[in-house]
There are 2 protein chains.
Amino acid sequence: MKLVEKLESALSPDRVSENQTLLEQHSSDESYHTPNLPEIIVFPENTNEVSAVVKIAKEHDTTVVPYGFGSSLEGNVIPYDGGIVMDFSLMNKVLEIRENDFLVKVQPGVTRSQLDKELKKYGLFFSVDPGADATLGGMASTNASGTTAVRYGIMRDQVRDMEVVMADGSVIHTGNMAAKSSSGYNLNGIFVGSEGTLGCFTELTLKVYGIPENIMAARAEFSTVDDAVEAVISILQAGIPIARVELVDEQSIKQMNHFSDTDYNAVPTLFLEFHGNEAGLQQDVEFMKEIVKDMNCQEIEFESDTAARNRLWEARHNVAYAYIHGHPGKKQMVTDVCVPVSELAGAVKDARAAVNASGLEGGIVGHVGDGNYHILLMVDVDNPTDIEKANKVNERIVAYALERGGTCTGEHGVGVGKRKYQEKEHGNALAVMRKIKTALDPDGVLNPGKVV
Amino acid sequence: MKLVEKLESALSPDRVSENQTLLEQHSSDESYHTPNLPEIIVFPENTNEVSAVVKIAKEHDTTVVPYGFGSSLEGNVIPYDGGIVMDFSLMNKVLEIRENDFLVKVQPGVTRSQLDKELKKYGLFFSVDPGADATLGGMASTNASGTTAVRYGIMRDQVRDMEVVMADGSVIHTGNMAAKSSSGYNLNGIFVGSEGTLGCFTELTLKVYGIPENIMAARAEFSTVDDAVEAVISILQAGIPIARVELVDEQSIKQMNHFSDTDYNAVPTLFLEFHGNEAGLQQDVEFMKEIVKDMNCQEIEFESDTAARNRLWEARHNVAYAYIHGHPGKKQMVTDVCVPVSELAGAVKDARAAVNASGLEGGIVGHVGDGNYHILLMVDVDNPTDIEKANKVNERIVAYALERGGTCTGEHGVGVGKRKYQEKEHGNALAVMRKIKTALDPDGVLNPGKVV
């Protein structure tokens, strides 16, 4: 039997496709990386089907790339070996909400907005919020984070258990429903962030949180990026449990004003949020006001009203789209590094110098509480000079981060874009990672050419 | 050359020993598990020496068991294959405190009290507090936790990077100093909790916290364990950020009163602690008081004074020693399971029934905010009937936990005591763990017979 026939008989003909439009849709992600067509798209409905597809792929000496929403930023889901793309959009059910345990069990194709809509009914929320409305499977795959990691942690911190289909088609659970465990090796940790190279996630049990009763958002304007970053360090050192703290640079505020119809002053700005009980929150906010004043804050504006807060965070989340909208015909190269917080002011300053030197349009936004920041560069992907300039900026900020104990990616993952830095960042540890990959996927069936 | 000669020339003769007393000291841990003598003890002073010892062990087809303070509770460090025990007590320096990054770099032989003494000078503390004054290397090895995990997380959450000597003598770093990373596979997670079976830790970079400005401790008495556990669930659901919440049962309060010279009522009791700013803490405490009253709390006593708080927590930490002291000639079998919080009341009730049915003296104490609890059973290790009774209790509480989505150990690790439950708990995942072990230590040099 031909590969496609076998897949059709294992799933059903209407969930196996070689349609050109579908192939094209699954040939790229949201990055600037060169697309590549897969041969076949499959849409499994359950774990058995996922297992069957992986086994068939192995028999036919072809490959499987798991695919969520396609919002990855480093080419993580591009099928460079062709083969099968496994689209999880039909496995999109919220299976169980255990409110007393603050746990939820979902299929990998559930998107974060879909999950939050369900959780709201129980007064709960899921904390991890990357820019895109990604799927939970995809977010676990790249170890995504977002604006709330400084308070609630990253994707890896939320995963209690995953059902995973391995390269040989066997099915495992990586953890359990207890809050902690010292039993066996920690498989949760290694599968989260493995970008589909070690197994296909078919079910996730995730930690959720009670919606805080009191939330205060703020926007604080500074005259320099240095002052803004120093203010964040001081707030953290004061022990104020900040829930979100985002830096948006001058150029990005301008794009934001155009796209989101805001009229903020185009200066380095912090977007902040605090959660807590009423009295505690008030005291935190008063203390924070003093700290930012000491750091030459020019203007601070608070928003406790839900609608106003949502507008503020929507504007922040839309910065990347604002750049795209403002530069028709160009693509966005987003790069992401993370440094120890004490190195952040220097890193952001150097990054701005790198962008200016490149001559490209670009902005800096970042989750400064974690030392994680992004550069958004607008490039003409058909112009090799633009790509070269962008790559040079990328090289420079990664080198800066690695020299100071940082990492080449804080939340976007390795994909293909950050593969060239793996040796430099991990040294001998890369050989250990490769041994694990080889032990668990000896035939290289799963998302080949990525991460290691 | 003989093994001992090679080791002497690689280290120095005074740091390689076959002295009988030293061999005996390194033949056991604090558990009831049968001791076994190693052949040689080595005391490395640096990473190169650790690497040399591992290479020599491999050449001589013998084994290496890394050893910290020997306070493990499941036979984790007992050298059942004889071989070399690597004692890290000479690698006991705090190497660097990066206060702006809330990070500290230590050698593996540093104990937690030693670290906290250093950190205090900077207004910082290390959060993980197992009962014993364990080494940081040992704590990473078993993924230890303790009373503060409900707020600050477990050992795995604190590890940013480790230097590790692998089974082939190569040296790797498992992470970096950034607050988060999506680069490569998460080696931090898999090495923490690997109990010396995947590599020897030679340096650890750990997350630390600012000492909270306001701390309030409390002791709340209940007439039933059920009420106490229900009160904890209600406090968590109310979103009160509790820093510690410990359950001590009636029998254990009696032992505590004898040993620590306290005069608490012998009833199920919660020991609690709250951290926060002044106003927030006050509001949390008021809210908590209402909640525990609703749950039939009989008496609640607060301690904001440092000395009084320390007395309270010392009494709690000394419960295990109180039992040992109160039962001369007997050894303590401590077992540790963890269940989803919603299953905790049932689990503790069943555990008490199991202890009573066994006829052994024993108590239940637990980190109830995590669903993690311990049974302390006093046994005569030379009496097979006692051991059989204790094993039966162990079997029963592990089975109860596994049937309800829990784990056979929340914080003590697998060692040899929990090996028999690995198949049942992990199913197919155990094969994955074994593949990782084989890939990284093909000759079985490192702590053989443990975990997988």
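Every value quoted in this text rests on a predicted model; they were computed, and no experiment measured them.

Which residues make up the overall build of chain A, and what values do they have?
In terms of regular secondary structure, chain A is built from 17 helices and 18 strands. Taking 2.2 N^0.38 as the reference for a compact globule, 452 residues should give roughly 22 Å; the C-alpha atoms of chain A span a radius of gyration of 22 Å, in line with that estimate. In terms of overall dimensions, chain A has a C-alpha envelope of 70 × 55 × 45 Å along the principal axes. With 452 residues in all, chain A has 63% of them scored as buried. Within chain A, residue pairs in contact and separated by at least 24 positions form 71% of the contacts whose partners lie at least 6 positions apart. Accessible surface computed for chain A: about 16,100 Å², of which carbon and sulfur atoms make up 46%. Looking at chain A, you have 41 positive and 65 negative side-chain charges, and the mean spots of the two groups are 3 Å apart.

Describe the interface of chain B and chain A, listing the residues and the values that go with them.
Contact with chain B, which involves 79 residues of that partner, is made by 79 residues of chain A. Buried surface at the junction of chain B and chain A, both sides included, amounts to about 5,800 Å², of which 56% is carbon and sulfur. Together, K180, S182 and Y185 of chain B form the three largest contributors to the area buried by chain B at its contact with chain A, with a combined 17%. Here chain B and chain A share five salt bridges between them.

Residues and numbers for the packing of aromatic side chains, please.
Any pair of aromatic rings gets described here by the distance separating the centres and the angle formed by the planes. Tallied over the full model, the rule gives ten aromatic pairs over all chains. Centroid distance F271 of chain A to W313 of chain A: 6.2 Å. Interplanar angle 55°. Geometry classified as tilted. Taken as a pair, F271 of chain A in strand β14 (residues 269-276) and W313 of chain A in helix α12 (residues 306-317) lie far apart in primary sequence, 42 residues in all. For W313 of chain A, a relative accessible area of 4% puts it in the buried group. Clustering of aromatic rings is evident, with ring pairs tying together F125, Y152 and Y209 of chain A. Sitting over the ring of Y400 of chain A, R404 of chain A keeps its end group 3.6 Å from the ring centre. Above the plane of the ring of Y264 of chain B lies R219 of chain B, whose end atom (NZ or CZ) is 3.8 Å from the centre.

Could you give an account of the domain arrangement of chain A, naming the residues involved and the relevant values?
Residue and element names in this part refer to chain A. Each assigned domain of chain A is listed with its residue range as follows: domain 1 (1-211), domain 2 (214-319) and domain 3 (327-429). The partner domain 3 presents 20 residues to the 17 residues of domain 1 that form the contact. In this structure, the connection of domain 1 to domain 3 is made through one salt bridge. Linking domain 1 to domain 3 there are nine residue pairs in polar contact (both at pLDDT 80 or more). When the residues that make up the side of domain 1 that touches domain 3 are grouped by side-chain class, the tally is six nonpolar, nine polar and two charged.

I'd love a proper account of the UniProt feature "domain: FAD-binding PCMH-type" (unreviewed entry) in chain A, names of residues and values included.
In the numbering used here, UniProt assigns the feature "domain: FAD-binding PCMH-type" (unreviewed entry) to residues 33-211 of chain A. End-to-end, the C-alpha atoms of residues 33-211 of chain A are 38 Å apart, and along that stretch the chain is 23% helix and 23% strand.

I'd like a description of the pattern of salt bridges, backed by residues and values.
Proximity of charged atoms lets side chains of opposite charge pair with each other. Tallying each qualifying case throughout the model produces 47 salt bridges over all chains. One salt bridge connects E246 of chain A with R316 of chain A, and the closest N-O pair in it is separated by 2.8 Å. Residue E246 of chain A is found in strand β13 (residues 242-248), and its partner R316 of chain A is found in helix α12; the two are separated by 70 residues along the sequence. A single burial state applies to E246 of chain A and to R316 of chain A, both of which are buried. We note a salt bridge from K58 of chain B to D443 of chain B, for which the minimum N-O separation is 3.4 Å. Of the two residues, K58 of chain B is situated in helix α3 (residues 47-59) and D443 of chain B in the segment after α17 (429-440); the sequence distance between them amounts to 385 residues. Judged by its relative accessible area of 39%, K58 of chain B falls in the partly exposed class. Overlapping salt bridges, with partners in common, bring together E96, R98, D101 and K105 of chain A in one network.

Explain the relation of the copies chain B and chain A residue by residue, including any values.
If you rotate chain B by 180° and push it 0.0 Å along the axis, it lands on chain A with an RMSD of 0.0 Å. Taken together, these values place the two copies in the relation of a two-fold axis. Using C-alpha coordinates, one finds that chain B approaches the rotation axis most closely at G280 of chain B, a distance of 1.7 Å.

Tell me about the nonpolar core, residues and numbers included.
Ranked by size, the top nonpolar core spans 133 residues in total, and within it F191 and L270 of chain A together with F191 of chain B carry the most contacts. In contact with F191 of chain A, not counting residues within four places along its chain, are A140, M162, V164, M166, I172, T174, L198, G199, F201 and L440 of chain A. Grouped together as the second largest cluster of nonpolar side chains are 52 residues, F222, L270, F274 and L360 of chain B included.

Describe the packing of helix α9 (residues 225-237) of chain B against helix α11 (residues 278-294) of chain B, listing the residues and the values that go with them.
Residues and elements named next belong to chain B. For the pair α9 and α11, interaxial distance at closest approach is 9 Å and the crossing angle is 145°. At the point where α9 passes α11, the crossing takes the right-handed sense. Residues A231, S234 and I235 of α9 pack against M288, I291 and V292 of α11. Class assignment of the residues belonging to the contact of α9 with α11 gives a composition of five nonpolar, one polar and no charged.

Please provide a residue-by-residue account of helix α1 (residues 3-10) of chain A, values included.
Residues three or four positions apart in an α-helix share a direction because the helix packs 3.6 residues into each turn. Within α1 of chain A the residues assigned to the buried category are L3, V4 and L7 of chain A. Taken end-on, α1 of chain A shows its buried residues confined to a sector of 95°, consistent with a single buried face.

Could you give an account of the packing of α1 of chain A against helix α3 (residues 47-59) of chain A, with specific residues and numbers?
Residues and elements named next belong to chain A. For the pair α1 and α3, interaxial distance at closest approach is 10 Å and the crossing angle is 160°. Accordingly, the angle class assigned to the pair α1 and α3 is roughly antiparallel. Classified by chirality, the crossing of α3 by α1 is right-handed. Here L3, K6, L7 and A10 of α1 come into contact with α3, specifically with E49, A52, V53, I56 and E59.

Lay out the environment of V16 of chain B with the relevant residues and their values.
Residue and element names in this part refer to chain B. Considering the arrangement of structural elements, one finds V16 in strand β1 (residues 16-17). V16 gets classed as buried once you look at its relative accessible area, which sits at 7%. When the C-alpha positions of V16 and D226 are compared, they lie 53 Å apart, and in sequence the two are 210 residues distant. Setting aside residues no more than four positions away along its own chain, V16 makes contact with V4, L7, E8, L11, I40, I41 and V42.

What counts, and at which threshold
Residues numbered from 1 in each chain as written. Chains lettered and ligands numbered in written order. Predicted model: local features only at pLDDT ≥ 70, side-chain atom pairs only at ≥ 80, totals over all residues. Heavy atoms only, no water. Helix = DSSP H or I, 4+ residues; strand = E, 2+ residues; numbered from the N terminus. Rg over C-alpha atoms; globule rule 2.2 N^0.38 Å. Buried < 20%, exposed > 50% of the residue type's maximum accessible area, 1.4 Å probe, protein only. Contact = heavy atoms within 4.5 Å. Areas by Shrake-Rupley, 256 points an atom, 1.4 Å probe, with all protein chains shown as cover. Lys, Arg positive; Asp, Glu negative; His and termini not counted. Charge placed at Lys NZ, Arg CZ, Asp CG, Glu CD. Buried area = accessible area lost by both parts, 1.4 Å probe. Salt bridge = Lys/Arg side-chain N within 4 Å of Asp/Glu carboxyl O. Phe/Tyr/Trp six-rings, centres within 6.5 Å; stacked < 30°, edge-to-face > 60°. Lys NZ or Arg CZ within 6 Å of the ring centre and 35° of its normal. Domains from an automatic or database assignment. Polar contact = N/O pair within 3.5 Å; in protein donor to acceptor, adjacent residues only side chain to side chain. Nonpolar A, V, L, I, M, F, W, Y, C, P; charged D, E, K, R; others polar. UniProt positions renumbered as here; feature names shortened; annotations may be inferred. Least-squares fit on C-alpha atoms with pLDDT ≥ 70 in both. Core = buried A, V, L, I, M, F, W, Y, C linked by side-chain atoms within 4.5 Å. Axes fitted to C-alpha atoms, helices over the stretch in contact; angles between N-to-C directions. Left-handed = near helix turned anticlockwise from the far one by under 90°. Arc of directions from axis to C-beta. Parallel < 35°, antiparallel > 145°, perpendicular 65-115°, else oblique.

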